[in-house]
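# Structural characterization, general
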Amino acid sequence: MVLANTYHLYLRPGADLIARMGGLHRFMGWERAILTDSGGFQVFSLRDLREVDDEGVTFRSHLDGSQHRFTPELVMEVQERLGSDVAMVLDQCIEPFDYDRSAAAARRTHLWAERCLGARTRSDQALFGIVQGGIHEDLRIESARVLTSMGFDGYAIGGLSVGESKQDTHRILDCVVPILPADKPRYLMGVGTPDDLLEGVARGIDIFDSVLPTRLARNGALFTFGGRLNLRNAINKDDPGPIQDGCACYTCQSFSRAYLRHLLVSNEILGLSLNTIHNLHFLLELMRNIRLSVLAGEFPAFKRTFLRRYSGQHADASWAHRPEGRAKSLGGRAGG
Ligand SMILES: [Zn+2]
């Protein structure tokens, strides 16, 4: 599933143009599922550029400073025109620590969720509610109860992964997830490292999204079973092997670490695409294997094994364990 940002598409090129081009799927040549966020997260991260009240949120475009207003009704209309498969309700996302502010934002999020439900006109587009409430268990539990009583097609947990500790994230998931219906998708927003995916699945999460895998890739940080590989490190300069032995992605099947490092340090844009292909493939493959291990009843063992290898390498930036780790994965490789 591809996530498309309503805020960015609303400002440029605009939902009308995309609708005239036949909707998002046709516009960008993607025949599989698309989820659009409501734009709330981007608007609320504008900080000085926005003003919020119970009716909606007024903000200035980061592109040209022009003034705009998002209401629950408008973001539904925009998402329907974009034609995504899954739309999200407008929510108020704030920093999660202050209790009173979290309570007020959750209350407003519930009002807006109700209005989004009332404003939807497409029956071929799923609509997900978003649980808010900061790092406060009672607020989160109440938010989950209120939203599930409204009857959405799926439920997201928002407002996490915004600066709180991992312990807080896990504590909130532990109290929210059991309240969400088991037969509807549960979506943890803004989470995307391999270890966070495993911890999320362990707590009952089905869907994740994050800019991390693509952003890391563009910076030359690549996922391997032994942890994160920093392509810039000199050790990769004359390494003829792939990023990850045994990886079936186009990048690993075709190019060496030495070449990819050369592209990166030369600021050659092809490198950004090739690195991105690998990181996305790695995460999709990880999720595929997680699903298989869940079906086989072996998820806890899978998680333990993966994390042991992944964190072992992660702690050692010098890559002293690399040859051993690689030999283990494929029984060595020619010229490696
Ligand atoms: Zn690869």
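Everything here concerns the structure above.
A brief look at the structure comes next. (Residues numbered from 1 in each chain as written. Predicted model: local features only at pLDDT ≥ 70, side-chain atom pairs only at ≥ 80, totals over all residues. Heavy atoms only, no water.)

One recurring pattern in soluble globular proteins is that nonpolar side chains are buried together. If you look at the biggest cluster of nonpolar residues, it comprises 60 residues, and the most contacted ones within it are M88, F152 and I157. Here this core gets 5 residues from one element, more than from any other, and that element is helix α13 (residues 269-295). In this structure M88 touches L35, T36, D37, S38, Q79, L127, F128, I130, A156, Y187 and M189, once residues within four positions along its chain are discounted. Within the second largest apolar cluster, 12 residues are counted, among which are A217, L229, L231 and C247. (Core = buried A, V, L, I, M, F, W, Y, C linked by side-chain atoms within 4.5 Å. Buried < 20%, exposed > 50% of the residue type's maximum accessible area, 1.4 Å probe, protein only. Helix = DSSP H or I, 4+ residues; strand = E, 2+ residues; numbered from the N terminus. Contact = heavy atoms within 4.5 Å.)

All right, on to the pattern of salt bridges then. Taken as a whole, this structure holds 17 salt bridges when the rule is applied. A salt bridge links R108 to D54; its shortest N-O distance comes to 2.8 Å. Within this pair, whereas R108 is found in helix α6 (residues 99-119), its partner D54 is found in the loop between β3 (50-52) and β4 (57-60), the two being separated by 54 residues in sequence. With relative accessibility at 17%, the residue R108 sits in the buried group. Close ionic contact of R115 with E73 constitutes a salt bridge, the shortest N to O distance being 2.9 Å. Note that R115 is positioned in helix α6 and E73 in helix α5 (residues 72-82), a separation of 42 residues in sequence. (Salt bridge = Lys/Arg side-chain N within 4 Å of Asp/Glu carboxyl O.)

So, on to the sheet that holds strand β8 (residues 154-157). Sheet architecture is open: 7 strands sit in the order β1-β2-β6-β7-β8-β9-β10, paired in parallel fashion. The open sheet has two free edges, formed respectively by β1 (2-4) and β10 (207-208), since each of these has just one partner strand. (Pairing = 2+ DSSP bridges.)

Let's shift gears to the side chain of T6. Mapping T6 onto the fold places it in helix α1 (residues 6-11). Apart from the residues lying within four places of it in its own chain, the contact partners of T6 are T36, D37, S38, G39, V78, Q79 and L82.

Moving on, we get to the coordination of the zinc ion. Within the protein, the zinc ion binds to C247 (SG), C249 (SG), C252 (SG) and H278 (ND1); these donor distances fall in the range 2.1 to 2.3 Å. Because the angles between the 4 donor atoms bound to the zinc ion fall within 99 to 118°, the donor set is best described as tetrahedral. Between consecutive donor residues of the zinc ion, the sequence gaps follow C-x1-C-x2-C-x25-H. Here C249, found in the loop between β12 (227-230) and α11 (250-254), pairs with H278, found in helix α13; they are 29 residues apart in sequence, far enough to count as distant. Residue C249 is classed as buried on the basis of its relative accessible area, which comes to 3%. Residue classification places H278 among the buried residues on the basis of a relative accessible area of 0%. (Donors = N, O, S within 2.8 Å, 3.2 Å for Na, K, Ca; no water. Tetrahedral: all angles 85-135°; square planar, octahedral: opposite > 155°, others 65-115°.)

What follows is about α6. If you check α6, its first and last C-alpha atoms are 30 Å apart, about what 21 residues at 1.5 Å a residue would give, namely 30 Å. Regarding α6, the residues found buried are S102, A103, A105, A106, R108, T109, H110, W112, A113, C116 and L117. Contact partners of the buried residues in α6: α4 (40-44), β3, α5, β7 (126-131) and α7 (137-150). Near the N-terminus of α6, the side chain that reaches the backbone nitrogen of D100, with its oxygen 3.3 Å away, is that of D98. (Expected span 1.5 Å × (residues − 1). Polar contact = N/O pair within 3.5 Å; in protein donor to acceptor, adjacent residues only side chain to side chain.)

Judged by side-chain polarity, M21, F27 and M28 come together as a nonpolar surface patch covering roughly 280 Å² of accessible area. Relative to the helices and strands, F27 resides in helix α3 (residues 24-28). (Patch = residues over 30% accessible without salt bridge, like charges linked within 9 Å, V, L, I, M, F, W, Y side chains within 5 Å. Areas by Shrake-Rupley, 256 points an atom, 1.4 Å probe, with all protein chains shown as cover.)

So, about the packing of helix α12 (residues 257-265) against α13. Running from amino to carboxyl end, α12 crosses α13 at an angle of 130°, the nearest separation of the two axes being 7 Å. One element, α12, and the other, α13, form an angle in the oblique class. α12 and α13 meet at a crossing whose hand is left-handed. Note on element contacts: α13 touches α12 through L270, G271, L274 and N275, opposite Y259, L260, L263 and L264. (Axes fitted to C-alpha atoms, helices over the stretch in contact; angles between N-to-C directions. Parallel < 35°, antiparallel > 145°, perpendicular 65-115°, else oblique. Left-handed = near helix turned anticlockwise from the far one by under 90°.)

Moving on, we get to the packing of α5 against α6. Interaxial distance between α5 and α6 falls to 8 Å at its minimum, and their mutual angle equals 45°. As far as their axial angle goes, α6 and α5 are oblique. Handedness of the α5/α6 crossing: right-handed. In contact with P72, E73, M76 and E80 of α5, α6 contributes W112, R115, C116 and A119. Tallied by class, residues from the contact of α5 with α6 come to 5 nonpolar, no polar and 3 charged. (Nonpolar A, V, L, I, M, F, W, Y, C, P; charged D, E, K, R; others polar.)

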